[in-house]
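Commentary on secondary and tertiary structure
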Number of protein chains: 2
Amino acid sequence: MKIVLSGTGNMGAQLGQNLIKKGFGIHQLYGRSADKTKKLAEKLGCDFTTNLDSIKKDGDLYIIAVSDKAIQKISEKLKLGNAVVVHTAGSVDMNILMGCSNNYGVIYPLQTISENTEISFSDIPVCIEANNECAMKTIKILANKLSNHVFQVDSEKRKFLHIAGVMVNNFTNFMYSLANELAEKKGFDFEILKPLILETANKVLKNDPKAVQTGPAIRNDVQTISSHINLLNDFPDHQKIYSFVTECMQQYYLKSK
Amino acid sequence: MKIVLSGTGNMGAQLGQNLIKKGFGIHQLYGRSADKTKKLAEKLGCDFTTNLDSIKKDGDLYIIAVSDKAIQKISEKLKLGNAVVVHTAGSVDMNILMGCSNNYGVIYPLQTISENTEISFSDIPVCIEANNECAMKTIKILANKLSNHVFQVDSEKRKFLHIAGVMVNNFTNFMYSLANELAEKKGFDFEILKPLILETANKVLKNDPKAVQTGPAIRNDVQTISSHINLLNDFPDHQKIYSFVTECMQQYYLKSK
């Protein structure tokens, strides 16, 4: 399968390297930055271009692994007939690719990908979608080689899945950051919190998160809550978040009782 | 060591059972509810009472493992001379026990404890504090047998540690709940999110959470953010949280740049 990969950011780099590991070859790499594109192309052992007009036309599968905004720009340039075109974004509708080819779809790996942290796609859930059976066939071949957890998810569901992903990753990591700052400024070791962080995550692998919720907010322990809010007087960011999230939790769990 | 345990809730029950496992005996159990106290006393193989005035006076160590409010009530009743008295609360000052004895302190296990989920205290960080060396000696013996991770933390630090614990446990679990509700209502499987939940928690074991933060908020990707907020029109609770936390994150990360 001749794969043309667009994108040299975290997703492009990690996806490219995982494709090579899984036995695929990259036919050509496209990127905007000459430096980054050349470097990644060397790693992937493939041809490259930084000119949208020089993207090869004889590929079988075009993977657009770029920022949401850039998908539009690239998709306007690609006129491919029957080659399968996919993007890898959580929040972008599949139909943005409608004008590129008769066969298009989405391959969305649901994982947080940071620069310089190598990841293996085998255990990452990959959500796929296609506009027809022919595109789906190609997409399935690639997705199933890449990951052991492939799910068919349509564009609307995928967008909500992405929102859920933001909540369980971006927002929770923000909470970790706030806690870490408290540790630094108040002189206790962030290390102490790690077993709690892990147990909290591990608990929802086996339980409905609602059923294992603990804490002053759901006990409606107003004394502890107001003592915490007072203690945070020197931490206005923390105080704002603490008050708001606590209030939301109280309302949320009251409703569901 | 003659241990008198007060409290038959999650903390009392789990702590009592772990003490037995670690070779301690319970001299007497105090609880408010006759049923609950009797049941737990049977498990612990010990004497029990539901009358504050009948708490035995010949104990060596009194552990008050009850709700924050109830600590006050019990501490007013206990007049013990030299026996060591401790409470197990994150947010309560050690000095609440000043009137009970000449020797007092705190044993605060930092972990989320849900009913019916058996936990082992060996891997739980236990924070200890004491008003003098004598109390500290007894508290250390117990804490070090109970857990492999014992930290000396004074009352003020402990309160901030408790706030940090609320953030990394209560608040993150709330995010899991919101995501789970989206999954149920939008027809995708919560299962898909589990690798992301675990990876997010695992990542901060080795990294500064600030350094691995990802997502539309810190990229200032206003297009994705506003698309997410629009999609959440039918989920006002989620929408409110999404908007607020995103805004806080944008401000927080902008400041620290």
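Residues numbered from 1 in each chain as written. Chains lettered and ligands numbered in written order. Predicted model: local features only at pLDDT ≥ 70, side-chain atom pairs only at ≥ 80, totals over all residues. Heavy atoms only, no water.

Thoughts on the packing of helix α5 (residues 155-186) of chain A against helix α9 (residues 236-255) of chain B
Heads up, the rule is: Every axis in this analysis is a line fitted to C-alpha atoms, fitted for helices over the stretch in contact. Angles between the N-to-C directions lie between 0 and 180 degrees. Put simply, DSSP H or I for four residues or longer makes a helix, DSSP E for two residues or longer makes a strand, and each gets a number counted from the N terminus. In what follows, roughly perpendicular refers to angles from 65 to 115 degrees, roughly parallel to angles under 35, roughly antiparallel to angles over 145, and oblique to any angle outside these ranges. Here is the rule for handedness: rotate from the far helix to the near one, and if that takes an anticlockwise turn smaller than a right angle the crossing is left-handed, while a clockwise turn gives right-handed. The criterion used for residue contact is that any of the two residues' heavy atoms lie within 4.5 Å.
The interhelical angle for the contact between α5 of chain A and α9 of chain B, taken along N-to-C directions, is 45 degrees, at an axis separation of 11 Å. Between α5 of chain A and α9 of chain B, the crossing angle belongs to the class labelled oblique. As for the relative orientation of α5 of chain A and α9 of chain B, their crossing is left-handed in sense. From α5 of chain A, Ile163, Val166, Met167, Asn170, Phe171, Phe174, Ser177, Leu178 and Glu181 of chain A reach across to α9 of chain B, where they touch His238, Ile241, Tyr242, Val245, Thr246, Cys248, Met249, Tyr252 and Tyr253 of chain B.

Details of the relation of the copies chain A and chain B
Threshold: Alignment of copies: least-squares fit on C-alpha atoms of residues with pLDDT of at least 70 in both copies.
The two copies are related by a screw operation: chain A maps onto chain B through 180 degrees of rotation and 0.0 Å of translation along the axis, at an RMSD of 0.0 Å. Such values leave the two copies arranged in the relation of a two-fold axis. Among all C-alpha atoms of chain A, that of threonine 172 of chain A lies closest to the rotation axis, at 2.5 Å. Taken together, the interface assignments show that 100% of the residues at the interface of chain A recur at the interface of chain B, consistent with an identical surface on both copies.

What about the domain arrangement of chain A?
Residue and element names in this part refer to chain A. Here is the rule: For the purposes of this description, domain bounds are those given by an automatic or database domain assignment. By convention, the term buried area covers the 1.4 Å-probe accessible surface removed from two parts as they join, with the contributions of both added. What counts as a salt bridge is simple: a side-chain nitrogen of Lys or Arg found within 4 Å of a carboxyl oxygen of Asp or Glu.
Each domain of chain A was delimited in the assignment, giving domain 1 (3-153) and domain 2 (159-255). Computed from C-alpha atoms alone, the centre-to-centre distance between domain 1 and domain 2 is 36 Å. Taken together, the contacts link 8 residues of domain 1 with 4 residues of domain 2. Interface area, domain 1 with domain 2, both sides summed: about 560 Å², of which 60% is carbon and sulfur. The largest contributions to the domain 1 side of the interface with domain 2 come from Ser91, Tyr108 and Leu110, which together make up 50% of the buried area. Summed over the shared surface of domain 1 and domain 2, the result is 1 salt bridge. Between aspartate 93 and lysine 159 there is a salt bridge whose closest N-O contact spans 3.2 Å.

Examining the nonpolar core
Let me state the cut-off plainly: For our purposes a nonpolar core is just a set of buried Ala, Val, Leu, Ile, Met, Phe, Trp, Tyr and Cys residues, chained together by side-chain atoms within 4.5 Å. Exposure is judged per residue with a 1.4 Å probe applied to protein chains only, and the accessible area is read against the type maximum: over 50% gives exposed, under 20% gives buried, and values in between give partly exposed.
Counting 118 residues, the largest nonpolar core has Val85, Phe174 and Leu193 of chain A together with Val85, Phe174 and Leu193 of chain B as its most contacted members. Sequence-distant contacts of phenylalanine 174 of chain A, defined by excluding residues within four places in its chain, comprise Ile241 of chain A together with Gln213, Val245, Cys248, Met249, Tyr252 and Tyr253 of chain B.

Thoughts on the sheet that holds strand β2 (residues 26-30) of chain B
Residues and elements named next belong to chain B. Short version of the rule: Two strands pair if DSSP finds at least two bridges between them.
Here we have 8 strands laid out as an open sheet, ordered β3-β2-β1-β4-β5-β6-β7-β8, and mixed in their pairing. Taken across any chain shown, the strands that pair with only one partner, and hence form the sheet edges, are β3 (47-49) and β8 (149-152). Within this sheet the neighbouring strands show an average axis-to-axis angle of 20 degrees, counted without direction. Here 3 bridges tie β2 to β3, and the two strands are oriented parallel to one another. In the strand pairing of β3, glutamine 28 is matched with aspartate 47.

So, helix α1 (residues 10-21) of chain B
All names here are of chain B. The condition is simple: Expected span, for any helix, means 1.5 Å times one less than how many residues it has.
With 12 residues, α1 should reach 16 Å at 1.5 Å per residue; the first-to-last C-alpha distance of 17 Å fits that figure. Within the span of α1, buried status applies to Met11, Gly12, Ala13, Gln14, Leu15, Gly16, Asn18 and Leu19. Elements in contact with the buried residues of α1: β1 (3-6), β2, α2 (34-44), β4 (61-64), β6 (103-109) and α4 (133-146). Positioned one or two residues after α1, glycine 23 has a phi angle of 95 degrees, which is positive.

A word on helix α3 (residues 68-77) of chain B
Note that an α-helix has 3.6 residues per turn; residues three or four places apart therefore point the same way. All names here are of chain B. Stated precisely, the cut-off is as follows: What the arc measures is the spread of directions leading from the helix axis to the C-beta atoms.
Within the sequence span of α3, burial applies to Ala70, Ile71, Ile74 and Ser75. Within α3, the buried residues cover an arc of 135 degrees as seen down the axis, which keeps them to one side. Opposite its buried face, α3 presents the exposed residues Lys69 and Lys73, each directed more than 90 degrees away. Turning to α3, the residues buried within the fold contact β1, β2, β4 and β5 (84-87).

Some details on the packing of aromatic side chains
For clarity, the cut-off: Two rings from Phe, Tyr or Trp (for Trp, the six-membered ring) form a pair when their centres are within 6.5 Å of each other. A pair whose planes differ by under 30 degrees is stacked, one over 60 is edge-to-face, and the rest are tilted.
Inspection of the entire model under this criterion finds 11 aromatic pairs over all chains. With centroids separated by 5.4 Å and ring planes inclined at 70 degrees, the aromatic side chains of phenylalanine 174 of chain A and tyrosine 252 of chain B adopt a geometry described as edge-to-face. Residue phenylalanine 174 of chain A is found in helix α5, and its partner tyrosine 252 of chain B is found in helix α9; the two belong to separate chains. Owing to a relative accessible area of 5%, tyrosine 252 of chain B belongs among the buried residues under this scheme. Aromatic pair tyrosine 253 of chain A and phenylalanine 174 of chain B: ring centres 6.1 Å apart, planes at 50 degrees, arrangement tilted. Of this pair, tyrosine 253 of chain A sits in helix α9 (residues 236-255) while phenylalanine 174 of chain B is found in helix α5 (residues 155-186), placing the two residues in two different chains.

Looking at the side chain of lysine 194 of chain A
Along the chain, lysine 194 of chain A turns up in helix α6 (residues 194-206). Relative accessible area serves as the criterion here: at 12%, lysine 194 of chain A is assigned to the buried category. Contact partners of lysine 194 of chain A, with chain neighbours within four places excluded, come to Val204 and Leu205 of chain B.

Comments concerning the interface of chain A and chain B
In many reports, interface size means the accessible area that the parts give up when they come together. Note the threshold: Within 3.5 Å is the distance limit for a polar contact, defined as a pair of N or O atoms, with the added protein rule that one can donate a hydrogen and the other accept it, and that residues adjacent in sequence qualify only through two side-chain atoms.
Contact residues are listed per partner, giving 86 residues for chain A and 86 residues for chain B. Summed over both sides, the interface between chain A and chain B buries roughly 8,700 Å², with carbon and sulfur atoms accounting for 71% of that surface. Considering only the side of chain A, the residues that lose the most area to chain B are Phe160, Ile192 and Tyr252 of chain A, jointly responsible for 8% of the buried surface there. At the surface where chain A touches chain B, the tally comes to 4 salt bridges. The salt bridge involving aspartate 237 of chain A is made with lysine 255 of chain B; its shortest N-O contact spans 2.7 Å. The interface formed by chain A and chain B contains 42 residue pairs in polar contact (both at pLDDT 80 or more). Contributing elements (two or more residues each) for the side of chain A that touches chain B: α3 (68-77), β7 (125-130), α5, α6, α8 (222-231) and α9 of chain A.

Some details on the pattern of salt bridges
All names here are of chain B. For the structure on display, the rule yields 20 salt bridges over all chains. Between aspartate 47 and lysine 56 there is a salt bridge, with the nearest N and O atoms lying 2.6 Å from each other. We classify aspartate 47 as partly exposed; its relative accessible area is 41%.

Examining unusual backbone geometry
Residues and elements named next belong to chain A. Phi is positive for asparagine 220, which is not a glycine, with a value near 50 degrees. Structurally, asparagine 220 is set in the loop between α7 (216-219) and α8. Under the relative-accessibility criterion, asparagine 220 is labelled partly exposed at 48%.

What about the side chain of glutamine 111 of chain B?
Mapping glutamine 111 of chain B onto the fold places it in the loop between β6 and β7 (125-130). Using a relative accessible area of 14% as the deciding quantity, one classes glutamine 111 of chain B as buried. In this structure the side chain of glutamine 111 of chain B is engaged in a polar contact, spanning 3.4 Å, whose partner is the backbone oxygen of proline 195 of chain A. When residues no more than four places from it in sequence are discounted, the contact partners of glutamine 111 of chain B are Pro195, Leu196 and Glu199 of chain A together with Ile124 of chain B.

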